[in-house]
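Summary of the model geometry
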Amino acid sequence: MDSNVTEIPLIDISPLVKKIDEPDMANEKDLLGVVQRLDYACKGVGFFYVKGHGIPEMLMREVRDVLHKFFQLPYEEKMKIKMTRQSGYRGYQQLGENITREKRDMHEAINCLTPITPGKYGDLGKTLEGCNLWPENPSNFKVVLENYISLLKDLSRKIMRGIALALGGSVDAFEGAIAGDPYWAVRLISYPVASDVPEEKRTGTGMGSHTDYGLLTLVNQDDDMCALEVQNRSGVWIHANPIPGTFVCNIGDMLEVWSNGIYQPTIHRVINNSHQCRVSAVFFYETNFDAAIEPVEFCREKTGSDAKYQKVVYGERLVRKACCCFGDL
C-alpha cells in the first residue's frame, strides 16, 4: 500500500461480472475500465471494496445471521464440531486457539476447507484430508453456506480473470495449472466484546496483523461496526469501514510471488472496540493445492527479467501455516 493512501477504493465490478467470460470481452470499454481500477487498487492499495458483484445482499445478511445464531449457542453445542488434527483442521475453533505471529487472537471461528479425499495429493495433502463439519444448529447452516461458497468461488474466478488482464496477461492466466482447480477456505469468525471475555483470555486484538497467503480474499462483515484495519506504508492504520452490500477484497502472498512483486499484499488486523459481537465470513480463493507458484515470465519482463521470489508449492505453505496457527490442537 502506498504511504499516503488514506482510503480504500470502491469498484463497481458489474461490467466484469457480466462480460468477462464472453469471447469478445476485450472490446468492452466498461469492462476494461474495471480492469484499470483493479490494477490501481492491487498496485497501490492491496485492498478494495466491490459492488455490483451479483451476490444477493439478502444472502450476505443470511450468512451473517446464521453465524450470530451459532456463536450464541452454549459452549457444549459448539464443541460438537470441535476442530482437531483428525478433522484436517476443520470445525469449531475455541476462543484464543488461533495464533497469529505467536500471539493468541481474541476470536472464535469455524474453519471450512476444500474437502480432500485420502490420498488425493499423497503426503502433501495428508494433514488436511477430510470433510467439513457442519453444525446441526441453526438447521439451515449447511445449506446456506454451501450455496454461498459456490457463488463466491465463481465470483472470485471472475475477479481473478480481471486481475490477469490488469497485469497484462491473458484472461485465463490463472486457470489450468495455476488455479484451474482452486483450493478454497472459509473462516467464519466471531469477535466478542472484550468485557465479555475472561480476563486471562483478553488480548489487544481480535486478529493480529498479517497478510493472507493465497490469491484473493473476500470479506463479508457486519454492517454496523468498524473493526477491520489496513496499514499503509507510513504505518498508519486505516479503517475498512463497512459498506452495506459490498465485499472487502484483498490480495495475498501467492499473487505477490506470481506477479514478481508487481502486486503486494497489505498488512491488516481486526480490533473490535464496539459493544457488540462482530461476525465476518472470510472467503479465501487460492491456487490449485499442488500448484508450484513462481514469477510468471511476462511479469518478470516488466520488473527487469530476474525472478525476485523463489518457487512456492502452495499446499506445503498452507500446511505450515495451519500447524503454526492451530498448534495446540
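Residues numbered from 1 in each chain as written. Predicted model: local features only at pLDDT ≥ 70, side-chain atom pairs only at ≥ 80, totals over all residues. Heavy atoms only, no water.

**What about the nonpolar core?**
- By size, the foremost hydrophobic cluster in this structure holds 101 residues, and its most contacted members are L128, F174 and F247.
- For this core, the leading source of residues is helix α5 (residues 141–166), giving twelve residues. (Core = buried A, V, L, I, M, F, W, Y, C linked by side-chain atoms within 4.5 Å. Buried < 20%, exposed > 50% of the residue type's maximum accessible area, 1.4 Å probe, protein only. Helix = DSSP H or I, 4+ residues; strand = E, 2+ residues; numbered from the N terminus.)

**Some points on the UniProt feature "domain: Fe2OG dioxygenase" (unreviewed entry) in the protein chain**
- UniProt records the feature "domain: Fe2OG dioxygenase" (unreviewed entry) at residues 182–287, using the numbering of this structure.
- End-to-end, the C-alpha atoms of residues 182–287 are 5 Å apart, and along that stretch the chain is 6% helix and 42% strand. (UniProt positions renumbered as here; feature names shortened; annotations may be inferred.)

**Side note on the environment of C42**
- Residue position: C42 is located in helix α2 (residues 29–44).
- Spatially, the C-alpha atom of C42 lies 18 Å from that of W237, the residues being 195 residues apart in sequence.

**Let's talk about the pattern of salt bridges**
- Considering all chains together, one arrives at 16 salt bridges under this definition.
- A salt bridge links K43 to D39; its shortest N-O distance comes to 3.4 Å. Pair noted here: K43 and D39 are both in helix α2, with a separation of four residues, about one helical turn.
- Here K43 falls in the partly exposed class, since its relative accessible area comes to 44%.
- A salt bridge links R64 to D223; the nearest nitrogen and oxygen atoms lie 3.2 Å apart. You can see R64 sitting in helix α3 (residues 57–71) and its partner D223 sitting in the loop between β9 (216–221) and β10 (228–231), a full 159 residues away along the chain.
- For R64, a relative accessible area of 6% corresponds to the buried category.
- Residue D223 is classed as partly exposed on the basis of its relative accessible area of 30%. (Salt bridge = Lys/Arg side-chain N within 4 Å of Asp/Glu carboxyl O.)

**Focus on the side chain of T217**
- Tracing the sequence through the fold places T217 in strand β9.
- Of the residues examined, T217 reaches a relative accessible area of 3% and is grouped as buried.
- Filtering out sequence-adjacent residues up to four positions away, T217 remains in contact with D212, V248, C249, N250, V282, F283 and F284. (Contact = heavy atoms within 4.5 Å.)

**Details of α2**
- An ideal rise of 1.5 Å per residue puts 22 Å on 16 residues; α2 measures up with 22 Å between its terminal C-alpha atoms.
- L31, G33, V34, V35, L38, D39, A41, C42 and G44 are the residues of α2 that are buried.
- Of the surrounding elements, those touching the buried residues of α2 are β1 (10–12), α1 (14–19), β2 (47–51), α5 and β12 (247–251).
- Positive phi appears at G46, one or two residues downstream of α2, with a value of about 85°. (Expected span 1.5 Å × (residues − 1).)

**What to know about the packing of α2 against α5**
- At a minimum axis separation of 8 Å, α2 and α5 run at an interaxial angle of 80°. In this view, α2 runs roughly perpendicular relative to α5, as classed from their interaxial angle. The residues of α5 that touch α2, namely those facing L31, V35, L38, D39 and C42, are I159, G162, I163, L165 and A166.
- Looking at the contact of α2 with α5 residue by residue, the classes come out as eight nonpolar, one polar and one charged. (Axes fitted to C-alpha atoms, helices over the stretch in contact; angles between N-to-C directions. Parallel < 35°, antiparallel > 145°, perpendicular 65-115°, else oblique. Nonpolar A, V, L, I, M, F, W, Y, C, P; charged D, E, K, R; others polar.)

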